[in-house]
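Each chain is listed here by its residues.
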Amino acid sequence: MIAANSTDGSGSQFDALLVLSFGGPEQPADVRPFLENVTRGRGVPPERLDAVAEHYLHFGGVSPINALNRDIISRVESELESAGMDLPVYFGNRNWHPMVEDTVARMGADGVRSALVFPTSAWGGYSGCRQYHEDVARARAAAGDGAPHLLKLRQYYDHPLLIGAFADAVREAAAQLPAERRADARLVFTAHSVPVSADVNAGPPAEGGRLYSRQVAEAARLTARAAGFDDFDLVWQSRSGPPQVPWLEPDICDHLDVLAGRGVGAVIVCPVGFVSDHLEVVWDLDTEARDKAAELGIDFVRAATPGTDRRFAELVVALVTEQLAGTPADRLGSEPLLGSALDGQSCAIDCCKAVVRPSGRPAHTH
Ligand SMILES: CC1=C(CCC(=O)O)c2cc3nc(cc4[nH]c(cc5[nH]c(cc1n2)c(C)c5CCC(=O)O)c(CCC(=O)O)c4C)C(CCC(=O)O)=C3C
Ligand SMILES: [Fe+2]
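Residues numbered from 1 in each chain as written. Chains lettered and ligands numbered in written order. Predicted model: local features only at pLDDT ≥ 70, side-chain atom pairs only at ≥ 80, totals over all residues.

Note the following rule: UniProt positions are given in the numbering used here, feature names are shortened, and annotations may be inferred rather than shown by experiment.
The name an unreviewed UniProt entry gives the protein chain is Coproporphyrin III ferrochelatase, with Rhodococcus wratislaviensis NBRC 100605 as the organism. One UniProt comment on the protein chain, placed under Subcellular location (unreviewed entry), says "Cytoplasm".

### Thoughts on the environment of Ala143
Spelled out, the test is: Strands here mean DSSP runs of E at least two residues long; helices mean DSSP runs of H or I at least four residues long; both are numbered from the N terminus. Counting other C-beta atoms within 10 Å of each residue's C-beta, where C-beta atoms are placed from the backbone, gives the exposure class: buried for 20 or more, exposed for 12 or fewer, partly exposed between. Here, residue contact means that the backbone-derived C-beta atoms of the two residues sit within 7 Å.
Here Ala143 lies in helix α5 (residues 126-143). Overall, Ala143 belongs to the buried group, with 20 C-beta atoms counted inside 10 Å. If near-sequence neighbours (up to four positions away) are discounted, Ala143 is found in contact with Val104, Ala105 and Gly108.

### What about the UniProt feature "binding site: Fe(2+)" (unreviewed entry) in the protein chain?
The positions UniProt marks with the feature "binding site: Fe(2+)" (unreviewed entry) are His192 and Glu280. Judged by maximum C-alpha separation, these annotated positions cover 89 residues in sequence but sit close together in space, the widest gap being only 8.2 Å. On the secondary structure map, His192 appears in strand β5 (residues 186-192). Setting aside its immediate chain neighbours within four residues, His192 contacts Gln237, Ser238, Gly273 and Glu280. If you trace the backbone, Glu280 turns up in helix α11 (residues 279-296). Ignoring any residue separated from it by four or fewer positions in sequence, one finds Glu280 in contact with His192, Gln237, Ser238 and Phe274.

### Looking at the sheet that holds strand β4 (residues 149-152)
Operational definition: A pair of strands counts as paired when DSSP detects no fewer than two bridges linking them. For helices, the axis comes from a line fit to the C-alpha atoms of the stretch in contact; other axes are also lines fit to C-alpha atoms, and the angle between any two N-to-C directions lies between 0 and 180 degrees.
As summarised here, the arrangement of the four strands in space is β2-β1-β3-β4, forming an open sheet in which the pairing is parallel. Across the chains shown, the open sheet's two edge strands, defined by having one partner strand only, are β2 (89-93) and β4. In this sheet, adjacent strand axes meet at a mean angle of 30 degrees when their direction is disregarded. Bridge analysis of strand β3 (residues 114-119) against β4 gives four bridges, and the strand direction is parallel.

### Remarks on the site of ligand 1
Note the cut-off: The criterion for a residue being near a molecule or strand is simple: its C-beta atom, placed using the backbone, must lie within 6 Å of it. Only Asp, Glu, Lys and Arg are considered charged, only Ala, Val, Leu, Ile, Met, Phe, Trp, Tyr, Cys and Pro nonpolar, and every remaining residue, Gly among them, polar. For each domain, the first and last residues come from an automatic or database assignment.
Surveying the vicinity of ligand 1 reveals 25 residues, the closest of which are Gly24, Ser63, Ser121, Ser240 and His278. Here the residues of the shell around ligand 1 are counted per class, giving 10 nonpolar, 12 polar and three charged. The two domains that each donate at least three residues to the shell around ligand 1 are domain 1 (6-156 + 309-325) and domain 2 (160-305).

### Focus on the UniProt feature "binding site: Fe-coproporphyrin III" (unreviewed entry) in the protein chain
In the numbering used here, UniProt assigns the feature "binding site: Fe-coproporphyrin III" (unreviewed entry) to Ser63 and Tyr132. By secondary structure assignment, the location of Ser63 is in the loop between α2 (46-58) and α3 (65-82). Non-local contacts of Ser63, meaning those with residues more than four positions away in its chain, are made with Gly24, Pro25, Tyr56, His278 and Leu279. Mapped onto the elements, Tyr132 comes out in helix α5. With near-sequence residues (within four places) excluded, Tyr132 lies in contact with Leu20, Pro119, Ser121 and Lys152.

### Considerations on the pairing of β4
Which entries qualify depends on this criterion: By definition, the crossover connecting two strands over a helix is right-handed if that path, from the first strand to the second, turns clockwise as seen with the strands pointing away from the viewer.
Residues Leu150 and Lys152 of β4 are buried on one face, while the alternating residues His149 and Leu151, pointing to the opposite face, are not. With respect to chirality, the unit in which β3 leads through α5 into the neighbouring parallel β4 is right-handed.

### Some words on the packing of helix α6 (residues 160-175) against helix α9 (residues 211-227)
Threshold: Oblique is the label for any angle not under 35 degrees, not over 145, and not in the 65 to 115 range, which are roughly parallel, roughly antiparallel and roughly perpendicular in turn. By convention the crossing between two helices is left-handed if the near helix lies anticlockwise of the far one by an angle smaller than a right angle, and right-handed if it lies clockwise.
Where α6 meets α9, the axes come as close as 8 Å, and the angle between the chain directions of the two elements is 55 degrees. One element, α6, and the other, α9, form an angle in the oblique class. Viewed along their axes, α6 and α9 form a crossing whose handedness is right-handed. Two secondary-structure elements touch here, α6 through Ile163, Gly164, Phe166, Ala167, Val170 and Arg171 and α9 through Ala219, Leu222, Thr223, Ala226 and Ala227. Its residues assigned to classes, the contact of α6 with α9 shows eight nonpolar, two polar and one charged.

Shown next as C-alpha cells:
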C-alpha cells in the first residue's frame, strides 16, 4: 500500500488530488459567458463564436465535458480506494463552474496544504500544458494565504494504459465496418488543431519545438502499431482564429475529400487528441465529419475516447503512484516528456513561450 497523505506518518506530503479541466456550459444561458471566458483576449473572430455557440445550443446548451469529468472522478475515487490511498479528489475548471479558483479556495479552507493536480490534457504545448500551469498560478493567487501548494502531474500522451485504451477502441471501431470494407479502410487519427506558431513554440526551445504535434504523431504511431495497422494518416480539427493565421493542417474534412479522390471507401477515425467525448468529438467529428463522409460515400466509424475506459482511472492512479514513489515514467514513446511543475511555474525556461497574436495582444496572458 502506498500512503499518499501525511496522517499515516509516511512522510508523503500530499493531502488531495485536484482534477483540472477545461469546463463547459451546463445550460443554454451558460454558453455565451463560457465562450467569453475561453476566448478572452485570444483573437477568435465573433463569427467563429457564433458558430460554436450554435454547436453547443444544438446539444441543448449542455457540453458533455463536465458530466464526463465527474464520471472519471468517481472512477478515480474507487481506484484510489482499491489501491488503499486516502486522497480526496477535487474538481476545478479553467472556463466554467466549478471554477478552479473556487475549488482551490475550498481546498485551502478544508485544510489541504499540498495537492497533486491531474490535468485532463495528455499533451505538451500551450493549450495542453502551459495554460494549465497558468490556471494553477491564478487559482493560488486568488485563494491568497490559505492556498495549498499544487504539483501538476506530467504529460501522459504515451502512457501504456492510454495507448492500450485507444488501440482497443480502434479495433472495436474497425469491427463495426461491414466485412467487405474493413480490409481497405483507412485509419485516420485526429487531434485539436492549434496555430502553427503555438506548435513551433511548444516545449523548451532546446528540444526543438513542435512538442505538441510530435507527441500527437507519436501517440498515433503507437496506437496504430498496437491495433495492428501499418499505415495511417494524422489530421487536425476544430480550428478557430482568423483565417489569415496558419493552423495545423490538413483539416479532417478536407482530408476526407482527398481520401474520396483516391477511392477510399471507409475510414476509422480515432480522436487521439481527446480524452473524452466532449463537444469537438460529438459535433466536429460525429456530426460534421460524419455527414461529409456520407456525402462522399465513405463509411465512417469513430473509435471511442478513453475517458470512460477503466484504464483511464487506472492511469490517473498510476501517475499519482509514480510521482509519490519517484519511479521512472511508465511510457512507450520517446519524445520529450514534461508537464510537471510546482505552483504554476513553467516546465522549463521559455517552455511554450508566448506568441503575439494579430490582435497585437500577447496570446498567453490573462
Ligand atoms: C490543444 C487543445 C485542446 C486539447 C487539450 C485540452 O484538453 O486542454 C483543447 C481542448 C478543448 N477545447 C474546448 C473548447 C474550446 N476551445 C476553443 C478554442 C481553442 N482551443 C485550442 C486548443 C485546444 N483545445 C485553441 C488553440 C483554441 C483557440 C483559442 C485559444 O487560443 O485558446 C474554444 C473557443 C471557440 C473555438 O474557437 O472553437 C472552445 C469553446 C474544450 C471543451 C469542449 C466541450 O465543451 O465539450 C476542450 C476540452
Ligand atoms: Fe479548444
